[in-house]
Each structure stands twice: as C-alpha cells, then as structure tokens.
Amino acid sequence: MTSDPSGDVAVVAVVDEEDAEEVAANLLDEAAADVLVLPVVPPTDGDNPLGVMGRPLDRRAPFFVGLTGALGVAVAYVIAVGIGDVASVLVLIGLALFIAIGLNPVVALFV
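Residues numbered from 1 in each chain as written. Predicted model: local features only at pLDDT ≥ 70, side-chain atom pairs only at ≥ 80, totals over all residues. Heavy atoms only, no water.

Visitor: I keep staring at the overall build of the protein and nothing clicks. Help me out?
Guide: Counting its regular elements, the protein contains 2 helices and 2 strands. Counted from the first residue to the last, the protein has its helices and strands arranged as β-β-α-α. Evaluated residue by residue, the protein yields a buried proportion of 2% over its 111 residues. Carbon and sulfur atoms make up 70% of the accessible area of the protein, which amounts to about 10100 Å² in all. (Helix = DSSP H or I, 4+ residues; strand = E, 2+ residues; numbered from the N terminus. Buried < 20%, exposed > 50% of the residue type's maximum accessible area, 1.4 Å probe, protein only. Areas by Shrake-Rupley, 256 points an atom, 1.4 Å probe, with all protein chains shown as cover.)

Structural data, given as structure tokens:
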C-alpha cells in the first residue's frame, strides 16, 4: 500500500481475499487513529449552570430580516390556501341549504 505525500489518497493493490481483509483492517486502524473525539462542554459558572449567555440577536441583520420575511410569506400562503379550501366547502354547504329550504314546501305537500 502506498499513499500520496499529502496523505489524502491511498493506492492499494489487492492480490487475494486474505490480503484484502488485511488491507481493509489497516485502513480502518489508520482512520480510527486520525479521529479525535472531544466532549462538548459549555462554559459554566456558579450563577449560570446552563452556561454564559451569548450576544443578543441583531434583529436588523440581513439573514434575520430575510428569514422573517420568508416565514411571513409562508404563513400568508398557508392562510390563503386554507381559506380557499374552506370557501369551496362553504359554497357546497350554502348550496345544499338553499336547495333544502327551497324544496321543503314541495316535500311537505307530497308528505
């Protein structure tokens, strides 16, 4: 097995299955040696057990303004679609009431 001087590329020549297993085990060992896991511990003090507060959010930042605008457009779209869906149901209910009230005298006459 040879590798690039930068250590990014490995060139492997596999002869048989046992050699392939050995090469794979070596690659896994090398990869595991490169991994360093550190626990994430927020800075705390006696008065703030959850950590020190960060900077306040700048409400005039372009990202915040764009996010707020996009959320406003999304809410307006959902409300418009909801009103459109409810409107079609209300039209059907109104039409049914109109027909029922209009046909009530004729039905009462036949009964």
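Visitor: Whenever I open this one, a nonpolar patch on the surface confuses me. Can you help?
Guide: Among the surface-exposed residues, Leu95, Phe98, Ile99, Leu103, Val106, Val107, Phe110 and Val111 lie close enough to one another that they form a single nonpolar patch of about 900 Å² accessible area. Looking at the element boundaries, isoleucine 99 is found in helix H2 (residues 62–110). (Patch = residues over 30% accessible without salt bridge, like charges linked within 9 Å, V, L, I, M, F, W, Y side chains within 5 Å. Salt bridge = Lys/Arg side-chain N within 4 Å of Asp/Glu carboxyl O.)

Visitor: Any chance you could explain H2 here in plain terms?
Guide: Two residues of an α-helix separated by three or four positions point the same way, owing to the 3.6 residues in each turn. Relative to the 72 Å expected for 49 residues at 1.5 Å per residue, H2 spans 71 Å between its end C-alpha atoms, a close match to the ideal helical length. A maximum bend of about 40° is found in H2 at asparagine 104, where proline proline 105 lies one to four positions downstream. (Expected span 1.5 Å × (residues − 1). Bend = angle between axes of the 7 residues up to and from the residue.)

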